[in-house]
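# Commentary on secondary and tertiary structure
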Amino acid sequence: MQVEITDSHCHLDFPDFAEELPEVIARAVAAGVTRMVTICTKLRSEPQVRTIAEAHAPVFYAAGTHPMSVATEPMATTDDLVALAAHPKFVGIGETGLDYHYTRESAVVQQASLRAHIDAARQTGLPLIVHSRAADDDMARILTEEYRNGAYTCVMHCFSSGAALARAALDLDFYLSMSGIAAFPKSEEIRSIFAAAPRDRILVETDAPYLAPPPHRGRRNEPAYTVHTARTGAETMGLDWPDFAAQTQTNFHRLFTKVAAYEAQF
């Protein structure tokens, strides 16, 4: 029986896939990637992302405003996000977060946007999808402050931050998602963070078209390559490949409850 896995974060609406999207999805399914969550990073792109999810059975979607875009895009309100969540294949809030590496000058508006997305996650019960880069202290503080205001669920997507932020997220029962970065030869520190994390708090993703893992590093990433990252995850956590894959599937279902409910209809 083929080992099954989920790509919990990709960007199938990006131009990189425009010429062969059906083939990309078919390759993923053939590789054992049973489902993909494609992420809308600007709310004006939500109709296109929604159309992809509606057209392809293995694809679900989430939407939000990426922190690097909040200074140039209209602010996503909690009401905007809650309204989008009515769609049966809309399964997460984001991606949102903080990015001080490239866009520190918009830190204040990024933080306001993040809090609006958290409120939407709290109201809808859908998981928050967080991007964090060079903002560990503020990210840990805001996630913790907001959790005290009311519980919500969250995945730290493409986790490549420090151990302190990992601990803060795990202390809130959040999830860490492993991307192709964890498979890079020089990513020992990231692998050590995942190795120390609870098995039931790990997801895998591609962030396609970015961050292709070996042996495809330097080329366009695609959901089929989730398998390469997941095999690294199995080695990192000392698990057999089928056992690690099954654990991440269980984790995904626990966090993305709307996916399981949708699939149960068929």
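Just above sits the structure.
Residues numbered from 1 in each chain as written. Predicted model: local features only at pLDDT ≥ 70, side-chain atom pairs only at ≥ 80, totals over all residues. Heavy atoms only, no water.

## Concerning the overall build of the protein chain
- Across its full length, the protein chain holds 11 helices and 8 strands.
- Its C-alpha atoms put the protein chain at 45 × 40 × 35 Å along the principal axes.
- Within the protein chain, the proportion of its 266 residues that are buried is 59%.
- Sequence-distant contacts in the protein chain: of pairs separated by 6 or more residues, those separated by 24 or more amount to 74%.
- When the accessible area of the protein chain is evaluated, it comes to approximately 11000 Å², of which 53% is carbon and sulfur surface.
- Taking the average location of the 23 positive side-chain charges in the protein chain and that of its 33 negative ones, the two points are 2 Å from each other. (Helix = DSSP H or I, 4+ residues; strand = E, 2+ residues; numbered from the N terminus. Buried < 20%, exposed > 50% of the residue type's maximum accessible area, 1.4 Å probe, protein only. Contact = heavy atoms within 4.5 Å. Areas by Shrake-Rupley, 256 points an atom, 1.4 Å probe, with all protein chains shown as cover. Lys, Arg positive; Asp, Glu negative; His and termini not counted. Charge placed at Lys NZ, Arg CZ, Asp CG, Glu CD.)

## Points about the packing of aromatic side chains
- Across all of its chains, the model carries 9 aromatic pairs by this definition.
- Relative to Y152, the ring of Y147 has its centre 5.7 Å away and its plane inclined at 55°; by these criteria the two rings are tilted.
- On the accessibility criterion, Y147 (28% relative accessible area) is partly exposed.
- Here Y152 falls in the buried class, since its relative accessible area comes to 5%.
- Put simply, the rings of F60, Y262 and F266 touch in pairs and so form one group of aromatic residues.
- Directly above the aromatic system of F60 lies the positively charged group of K89, at a separation of 4.8 Å from the ring centroid.
- Across the ring face of F184, the terminal group of R217 is positioned such that the distance to the ring centre comes to 3.7 Å. (Phe/Tyr/Trp six-rings, centres within 6.5 Å; stacked < 30°, edge-to-face > 60°. Lys NZ or Arg CZ within 6 Å of the ring centre and 35° of its normal.)

## Structural notes on the pairing of strand β2 (residues 33–40)
- Taking burial as the measure, the 8 residues of β2 include 7 buried ones, the bulk of the element.
- Of the pairings in the sheet, the one linking strand β1 (residues 5–10) to β2 comprises 4 bridges and is parallel in character. Bridge pairing in β2 links C10 to T38.
- Between the parallel elements β1 and β2, the chain passes through helix α1 (residues 21–30) in a crossover that is right-handed.
- Two elements, β2 and strand β3 (residues 59–63), share 5 bridges in a ladder whose sense is parallel. When the sheet's bridge partners are listed, T38 is paired in β3 with Y61.
- Crossover handedness for the path β2 to helix α2 (residues 46–55) to β3: right-handed. (Pairing = 2+ DSSP bridges. Right-handed = clockwise from strand over helix to strand, strands pointing away.)

## Examining the pattern of salt bridges
- Enumeration according to the criterion identifies 15 salt bridges in this entry.
- The partner of R27 in a salt bridge is E222, with the nearest N and O atoms 2.8 Å apart. In this pair, R27 sits in helix α1 while E222 sits in the loop between β8 (202–204) and α9 (226–237), placing the two residues 195 residues apart along the sequence.
- Residue R27 is classed as partly exposed on the basis of its relative accessible area, which comes to 34%. (Salt bridge = Lys/Arg side-chain N within 4 Å of Asp/Glu carboxyl O.)

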